[in-house]
Amino acid sequence: MGNEKSQAARETRGTTGVGRRSLLGAAVLGAGAAALAAPTAASAAAGTSGGKHGGQGIKGLPVPTVIGHRGASGYRPEHTLGSYQLALDMGAHVIEAGDIVPTKDGHLVCRHEPEIGGTTDVSAHPEFASRKTTKIIDGVSTTGWFTEDFTLAELKTLRAKERIPGTRQHNTLYDGRWEIPTFEEVLAWRAEQSRKRGREVWIYPETKHPTYFRKLGLGLEERLARILRAHGLHRKNSPVILQSFEPTSIQRLNKLVDNPLAVLLSTASSRPADFVDSGDPRTVADLITPEGLAEIAGYAGGIGPTLDLIIPKDAAGKLLAPTTLVKDAHAAGLILHPYTMRNENTFLPADFKKGTDPNAYGDAFGAFKAYFATGIDGVFSDNCDTALLAREDFVNG
């Protein structure tokens with residue numbers, strides 16, 4: 001296995017950081033799906049080099065925008081170049097390429113969480129057995145292996161695997177195929193794909209647990225800003241939207257770069273981790289009032305609320321009447337990109353579940369229709385192909 005991993009690493013890494021092996025198999029499921037959502041004239045008008053964006057910026061994106069959640073994570077292990085490539089090939093307008101976490105030596109890599117036991121084969125590496133530990137991150141005790149305890153070179157010996165194999169058993173077929181990508185490699189992939197397609201490829205990275213990492217001396221925002229500036233992707237119309245669940249992280253980024261910014265919002269009763277750390281008593285419910293939204297609009301251009309903040313559910317999991325969040329956010333000048341639409345019954349509102357198998361697909365099209373009807377500006381989805389067809393249904397009436 002050691003020789004095979006070394007060979008895979010050599011094949012994966014090219015001069016641009018995006019080798020042939022990295023993309024192998026990425027478009028098997030969606031080889032012809034790009035036709036589902038050809039770029040609009042506005043998005044196609046964007047340039048193909050880092051600093052040329054046709055003056056369109058985020059306003060040039062189709063509405064509603066389909067955002068590939070961690071790539072095409074309904075079909076490939078999340079946050080891999082294979083997942084990102086498939087989402088792009090399917091026609092997603094924006095790729096959530098990068099939940100940003102740091103390595104021990106200060107590099108930025110793409111993982112949903114710093115704990116990597118559930119998304120890589122690290123547990124199969126006896127040389128790293130002693131690194132398994134328990135940490136408190138944002139008040140939650142988590143046991144496993146953490147990116148901040150590994151150098152980049154060490155992380156590159158690992159391979160990604162499916163995070164929820166019980167739900168997405170078919171995704172396990174691709175376990176071991178891809179490395180953990182660095183954010184630099186993601187930008188190289190983005191540039192390469194932009195050149196090939198003659199239009200800018202949009203990405204939507206997120207700073208993960210920024211307060212936690214800042215206390216470790218691994219502040220994310222400055223590192224992220226340096227990389228974006230080095231690639232000429234730090235401007236108002238750059239095809240990179242930055243997001244975080246911590247408002248102070250977005251405020252910090254607002255001072256470092258001119259990119260479009262979005263504040264992610266969890267359940268109404270929750271408190272952002274940075275608020276807890278600083279003693280700010282406000283909850284998400286306070287942030288989604290007209291006053292809270294006006295404050296967010298002072299440093300960000302959008303919000304990424306959980307879908308339950310758009311349409312709440314009753315005790316049985318059925319949809320209730322929509323809230324006023326869409327109207328209120330738009331009144332404050334904010335766009336809304338809620339999260340996350342998935343096809344499986346286990347993730348759908350009770351209104352749209354079909355049959356008794358929680359892992360079977362339900363009526364995802366019905367759910368998309370309900371959420372699009374609220375006037376949201378876009379949505380994160382694990383299943384870009386479904387989202388794009390649902391969007392076409394909605395746009396064409």
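Structure report, in brief. (Residues numbered from 1 in each chain as written. Predicted model: local features only at pLDDT ≥ 70, side-chain atom pairs only at ≥ 80, totals over all residues. Heavy atoms only, no water.)

**A word on the packing of helix α15 (residues 364-372) against helix α16 (residues 384-395)**
If you want to describe how two helices pack, look at the angle between their axes and the distance between the axes. At their nearest, the axes of α15 and α16 sit 9 Å apart, and the two run at 55° to each other. Relative to α16, the element α15 lies oblique. Read as a crossing pair, α15 and α16 show a hand that is right-handed. On the side of α15, the interface is formed by A364, F365, F368 and F372, while α16 contributes T386, A387, L389, A390, R391, D393 and F394. Of the residues that constitute the contact of α15 with α16, the class distribution is eight nonpolar, one polar and two charged. (Axes fitted to C-alpha atoms, helices over the stretch in contact; angles between N-to-C directions. Helix = DSSP H or I, 4+ residues; strand = E, 2+ residues; numbered from the N terminus. Parallel < 35°, antiparallel > 145°, perpendicular 65-115°, else oblique. Left-handed = near helix turned anticlockwise from the far one by under 90°. Contact = heavy atoms within 4.5 Å. Nonpolar A, V, L, I, M, F, W, Y, C, P; charged D, E, K, R; others polar.)

**Remarks on the packing of helix α8 (residues 220-230) against helix α9 (residues 247-256)**
Interaxial distance between α8 and α9 falls to 10 Å at its minimum, and their mutual angle equals 35°. In this structure, α8 meets α9 at a crossing whose hand is right-handed. Here α8 contributes E221, E222, L224, A225 and R229 to the contact with α9, which in turn contributes S249, R252, L253 and L256. Taken together, the residues of the contact of α8 with α9 sort by class into four nonpolar, one polar and four charged.

**Here's the deal with the pattern of salt bridges**
Applying the stated criterion across every chain, the model contains 26 salt bridges. In this structure, K215 and D277 form a salt bridge, with 2.4 Å as the shortest nitrogen-oxygen distance. Placement of K215 in helix α7 (residues 210-215) and of D277 in helix α10 (residues 273-278) is noted, with a sequence separation of 62 residues between them. Among the residues examined, K215 registers a relative accessible area of 59% and is labelled exposed. Note that R282 and E295 form a salt bridge whose closest N and O atoms lie 3.0 Å from each other. Of this pair, R282 sits in the loop between α10 and α11 (284-287) while E295 sits in helix α12 (residues 290-296), and the two are 13 residues apart along the sequence. With relative accessibility at 24%, the residue R282 sits in the partly exposed group. Here the residues in one salt-bridge network are D99, E113, E206 and K208, joined through shared partners. (Salt bridge = Lys/Arg side-chain N within 4 Å of Asp/Glu carboxyl O. Buried < 20%, exposed > 50% of the residue type's maximum accessible area, 1.4 Å probe, protein only.)

**Overview of the pairing of strand β11 (residues 302-305)**
Burial along β11 is two-sided: the face carrying G302 and G304 and the face carrying I303 and P305 are both buried. Here strand β10 (residues 261-265) pairs with β11 via four bridges, running parallel. Note that in β11 the partner of A262 across the bridge is G302. The sheet contact formed by β11 and strand β12 (residues 335-336) spans two bridges and is parallel. Bridging across to β12, I303 finds its partner in L336. (Pairing = 2+ DSSP bridges.)

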